[in-house]
Amino acid sequence: MRQLDINGIKAAVKDSLAQLGTNIDPKVEQAILQAQKEETTELARDILTTLLDNYYIGRRDCLPICQDTGTAVFMVELGEDICFQDGSLTDALQEAVREVWQEQYYRNSILRDPLFDRTNTKDNTPAIIHTELVKGDKLTIKIALKGGGAENMSALKMLKPSDGKQGIREFVLETIIKAGGNPCPPVIVGIGVGGNFETCAILAKKALFREFGSPHPATEWAELEAELLQAINETGVGPQGLGGRTTALSVQIETAPCHLASLPVAVNLNCHAHRHCKISF
Ligand code: SF4
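Rules used in this analysis
Residues numbered from 1 in each chain as written. Predicted model: local features only at pLDDT ≥ 70, side-chain atom pairs only at ≥ 80, totals over all residues. Heavy atoms only, no water. Phe/Tyr/Trp six-rings, centres within 6.5 Å; stacked < 30°, edge-to-face > 60°. Buried < 20%, exposed > 50% of the residue type's maximum accessible area, 1.4 Å probe, protein only. Helix = DSSP H or I, 4+ residues; strand = E, 2+ residues; numbered from the N terminus. Expected span 1.5 Å × (residues − 1). Contact = heavy atoms within 4.5 Å. Polar contact = N/O pair within 3.5 Å; in protein donor to acceptor, adjacent residues only side chain to side chain. Patch = residues over 30% accessible without salt bridge, like charges linked within 9 Å, V, L, I, M, F, W, Y side chains within 5 Å. Areas by Shrake-Rupley, 256 points an atom, 1.4 Å probe, with all protein chains shown as cover. Salt bridge = Lys/Arg side-chain N within 4 Å of Asp/Glu carboxyl O. Core = buried A, V, L, I, M, F, W, Y, C linked by side-chain atoms within 4.5 Å.

A. Summary view of the packing of aromatic side chains. The final tally for this structure, using the stated rule, is one aromatic pair. Judged by centre distance (5.0 Å) and plane angle (85 degrees), the rings of Trp101 and Tyr106 are edge-to-face. Across the pair, Tyr106 and Trp101 agree in class, each one buried.

B. Highlighting helix H4 (residues 89-103). Between its first and last C-alpha atoms H4 spans 21 Å; for 15 residues at 1.5 Å apiece the expected length is 21 Å, and the two agree. Buried positions along H4 lie against helix H1 (6-22), strand S2 (71-79), strand S3 (82-85), strand S4 (128-134) and strand S5 (139-146). Between the side-chain oxygen of the N-cap and the backbone nitrogen of Thr90 there are 3.5 Å, and the N-cap of H4 in question is Ser88. Trailing H4 by a residue or two, Tyr105 shows a phi angle of about 55 degrees, which is positive.

C. The arrangement of a nonpolar patch on the surface in detail. Among the surface-exposed residues, Tyr56, Ile57 and Leu63 lie close enough to one another that they form a single nonpolar patch of about 280 Å² accessible area. Summarising the element assignment, Leu63 is placed in the loop between helix H3 (42-61) and S2. Under the relative-accessibility criterion, Leu63 is labelled partly exposed at 44%.

D. Seen up close, the nonpolar core. Counting residues in each nonpolar core, the largest one holds 40 residues, and the members touching the most others are Ile32, Val172, Ile176, Val189, Ile191 and Ile232. Sorting the residues of this core by element identifies helix H2 (26-38), H3, helix H6 (164-179), strand S7 (187-195), helix H8 (219-233), strand S8 (248-258) and strand S9 (263-270) as the ones contributing at least two each. Ranked by residues supplied to this core, first place goes to H6 with six residues. With residues up to four places along the chain from it excluded, the contact list for Ile232 reads Val172, Leu173, Ile176, Val189, Thr247, Ala248 and Val251. The next biggest cluster of nonpolar side chains, apart from the first, holds 25 residues, and it includes Leu4, Val97, Leu139 and Ile279.

As structure tokens, then:
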């Protein structure tokens, strides 16, 4: 068994959380810069320029790039041959969130109960933690600060197998058009296809955790990603929903085997404030 010190893990997670709120993924920034050069209307170009200025100021002054510093979401790949010294991983992740939100003055966005007790937990916990057991003695923690506006416009549909590729395309476009400016476009579109009702939603989230802009390893799925990106950008929703050709920066699909009677599809949207990173031990 490999032993990992929980205090070192917590310190690394805290450091990543502190960086994520104020620094945009350089690949996303590059994609927005490119989109700004290619936009055809002045309004769309101005919006993208404002986003770039905002990233610059956030980086320079160590300020959050958005007032919604989000829900902390962790995707943990936990090697079966690891044991933790000096505490539990779950506690370490929750404590890291609690401490960083206070130290960085991030906005506390988590409520105790969705309906009857909408009082704030005042430390942004509980964070959402997805854990997958994997073979070996490595630990990978993928981290995201997920904004509520984009999450709200996400959707899931249990298609019929006969709906096929066209059905997926129609559902994705319907979701994007219905979302309009609410998810703060340009968006990153995570799509889950397959599994069952609950795994499909997690697949869509997992797709957002993939390296920004990286294509699906299978050619037919990578081609569908490219086709959907083009179709989404032809909708004209544009930056902040005010028109233009830059509605999405990337479409990323994750797939899983499914029941012969099903074709589940989930669309998880992320805004331009794409705050994701990965740490490994
Ligand atoms: S959707 Fe994203 S950019 Fe818009 S308010 Fe929420 S976190 Fe900020």
